[in-house]
Amino acid sequence: MIKQEIFGMTLLEMQEALLPLGMKKFRAEQIFRWLYEKSAVSFEEMTNLSKSDIALLQEHFTLLTGQIKVLRELKSTDGLTHKVLLGFTDGASVETVCMHHDYGYSVCISSQVGCSMDCAFCASGLQGQERNLTAGEILAQVYYFQRLLSIQDARVSRVVVMGSGEPMLNLDNVLKALDILHEDHGQGIGYRNMTISTCGIIPGIKKLTEMGRTINLAISLHAASDELRTSLMPINKTYNYLEVIKAADEYSEGNGRQVMYEYILLAGINDSLDDARILANVLKHKNVVVNLIPANPVPEKGFKRPSGNAVDRFFQVLKEQKINVTVRKEMGKDIDAACGQLRASTLVGGE
Ligand code: SAH
């Protein structure tokens, strides 16, 4: 008999899966709470179930949170950033990062194993196979940290889908995971405390608009002219950045959320004053915030991070044009926190 994976099921799906086993609806509710509210990683922990129910669950279901392996684990010296490479049973691995901010704990999750977008500066697509993560595997990344935080009575308060992979190419699973986190008997995390970051897959942005949730949208822009953006992000050939911005405007008009534009600063490539002016022109008068990200150098890619002065100058141009702008706070630089770097270095047998 092939066992079904229970982690990642909605309440309705659990009820349907338990029915043929003769288990009542309220049992599904109890199991849902054990998994998503109390972060249980084994059926034995479910102390309000009978021994025979636990045996039935063990016979028919797998529970992936109990099977995940921590392949690598790194903590920044300041103790604020904790990064793990999590391994699933099929050998696939993904990176997940937990950051301790003043407002609470934020977890950055991956949506795919590897990435097919081939952005010039990113380590996510460097090696290894690619596949979508299941909703359970997406959720399990949050619960890995939630279980650790529970020990100190703390909670994950923000979830950002900004790890490896392109979430809009796995949107159904991403949304299923976020919906479960949002449930009262899940973690009760508000959609406003969740962010999906995309390289600009327009059908995905449109679908998200139709869903009408108040999830924050982040667009990885990285260049505000056609030629430059195509050279950095091949996806620009399929979904031109001006069309992407239009789709993001519609998203923002639909739910009132400010769109975040991520702009990685690569020394000598997209960090000139002219680049800043072009960017300001494209985003002027919009409900947006620009997040400047001084590049994390990926040795295989050969890009450099600009000097602090260059970042400041770029920042000032946007400010003068009255554009909301922030510079990404650097966290975990000492532990390979940039996208895909830990996985890449592990797959090539790094340190
Ligand atoms: N595919 C999605 C989400 C994953 S990437 C997207 O493109 O938005 C998350 C963010 O990290 C993106 O803005 C990405 O461009 C950025 N990023 C990738 N490589 C980086 C690097 N070497 N240094 C800094 N940021 C990087």
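All of these numbers come straight from a predicted model, not from anything done at the bench. (Residues numbered from 1 in each chain as written. Predicted model: local features only at pLDDT ≥ 70, side-chain atom pairs only at ≥ 80, totals over all residues. Heavy atoms only, no water.)

Visitor: Mind laying out the nonpolar core, listing which residues take part and the relevant values?
Guide: In a soluble, globular protein the nonpolar side chains are often hidden away together inside. Residues Ile31, Ile196, Tyr261 and Val290 are the most contacted members of the largest nonpolar core, which totals 108 residues. Discounting residues that sit within four places of it in the chain, valine 290 has contacts with Tyr261, Tyr263, Leu279, Leu283, Leu318, Ile323, Asn324, Val325 and Thr326. Counting residues in each nonpolar core, the second largest holds seven residues, with Val97, Val160, Met162 and Met331 among its members. (Core = buried A, V, L, I, M, F, W, Y, C linked by side-chain atoms within 4.5 Å. Buried < 20%, exposed > 50% of the residue type's maximum accessible area, 1.4 Å probe, protein only. Contact = heavy atoms within 4.5 Å.)

Visitor: Could you give an account of the pairing of strand E4 (residues 81-87), naming the residues involved and the relevant values?
Guide: The side chains of a regular strand alternate, residue by residue, between the two faces of the sheet. Along E4, seven of the seven residues are buried, which leaves the element largely enclosed by surrounding structure. Here strand E3 (residues 69-75) pairs with E4 via six bridges, running antiparallel. Bridging across to E4, glutamate 73 finds its partner in valine 84. Between the antiparallel neighbours E4 and strand E5 (residues 93-101) lie five residues, among them glycine 91 with a positive phi of about 95 degrees. (Helix = DSSP H or I, 4+ residues; strand = E, 2+ residues; numbered from the N terminus. Pairing = 2+ DSSP bridges.)

Visitor: Would you mind going over the state of the cysteines in detail, with residue names and values included?
Guide: Applying the stated criterion across every chain, the model contains zero disulfides. With no disulfide of its own, cysteine 119 lies 5.7 Å from the sulfur of cysteine 199, the closest cysteine sulfur. (Disulfide = S-S within 2.5 Å.)

Visitor: Quick one: what's the story with the packing of aromatic side chains, residue by residue and with numbers?
Guide: On inspection of all chains with the given rule, the structure shows six aromatic pairs. An angle of 35 degrees between the planes, with centres 5.1 Å apart, marks the rings of tyrosine 263 and phenylalanine 314 as tilted. Placement of tyrosine 263 in strand E12 (residues 259-265) and of phenylalanine 314 in helix H10 (residues 308-320) is noted, with a sequence separation of 51 residues between them. For the residue pair tyrosine 263 and phenylalanine 314, the accessibility class agrees, reading buried in each case. Through a chain of ring-to-ring contacts, three or more aromatic side chains come together here, namely Phe7, Phe32, Tyr36 and Tyr143. Here the guanidinium or amino end of lysine 38 rests over the ring plane of tryptophan 34, the centre of that ring lying 3.9 Å away. (Phe/Tyr/Trp six-rings, centres within 6.5 Å; stacked < 30°, edge-to-face > 60°. Lys NZ or Arg CZ within 6 Å of the ring centre and 35° of its normal.)

Visitor: How would you summarise the sheet that holds E12 if you had to cite specific residues and measurements?
Guide: In space, the 10 strands of this open sheet follow the order E3-E4-E5-E6-E9-E10-E11-E12-E13-E14, with mixed pairing throughout. Whereas interior strands pair on both sides, the edge strands pair on one side only; in this sheet they are E3 and strand E14 (324-327). With direction set aside, neighbouring strand axes in the sheet form an average angle of 20 degrees. Two strands pair when backbone bridges link them, and strand E13 (residues 288-294) and E14 are joined in this way by four bridges, in the parallel orientation. Bridging across to E14, valine 290 finds its partner in valine 325. (Axes fitted to C-alpha atoms, helices over the stretch in contact; angles between N-to-C directions.)

Visitor: Can you tell me about the pairing of E13, naming the residues and giving the values?
Guide: For E13, a buried count of seven out of seven residues is recorded, marking the element as mostly surrounded by other parts of the structure. Going residue by residue along E13, you find Val288, Val290, Leu292 and Pro294 tucked away on one face and Val289, Asn291 and Ile293 tucked away on the opposite face as well. Relative to E13, E12 is paired through seven bridges, and the arrangement is parallel. Looking across to E13, one finds that isoleucine 264 is bridged to isoleucine 293. Tracing the backbone out of E12, into helix H9 (residues 273-283) and back to the parallel element E13 gives a crossover that is right-handed. For the crossover from E13 across H10 to E14, the handedness is right-handed. (Right-handed = clockwise from strand over helix to strand, strands pointing away.)

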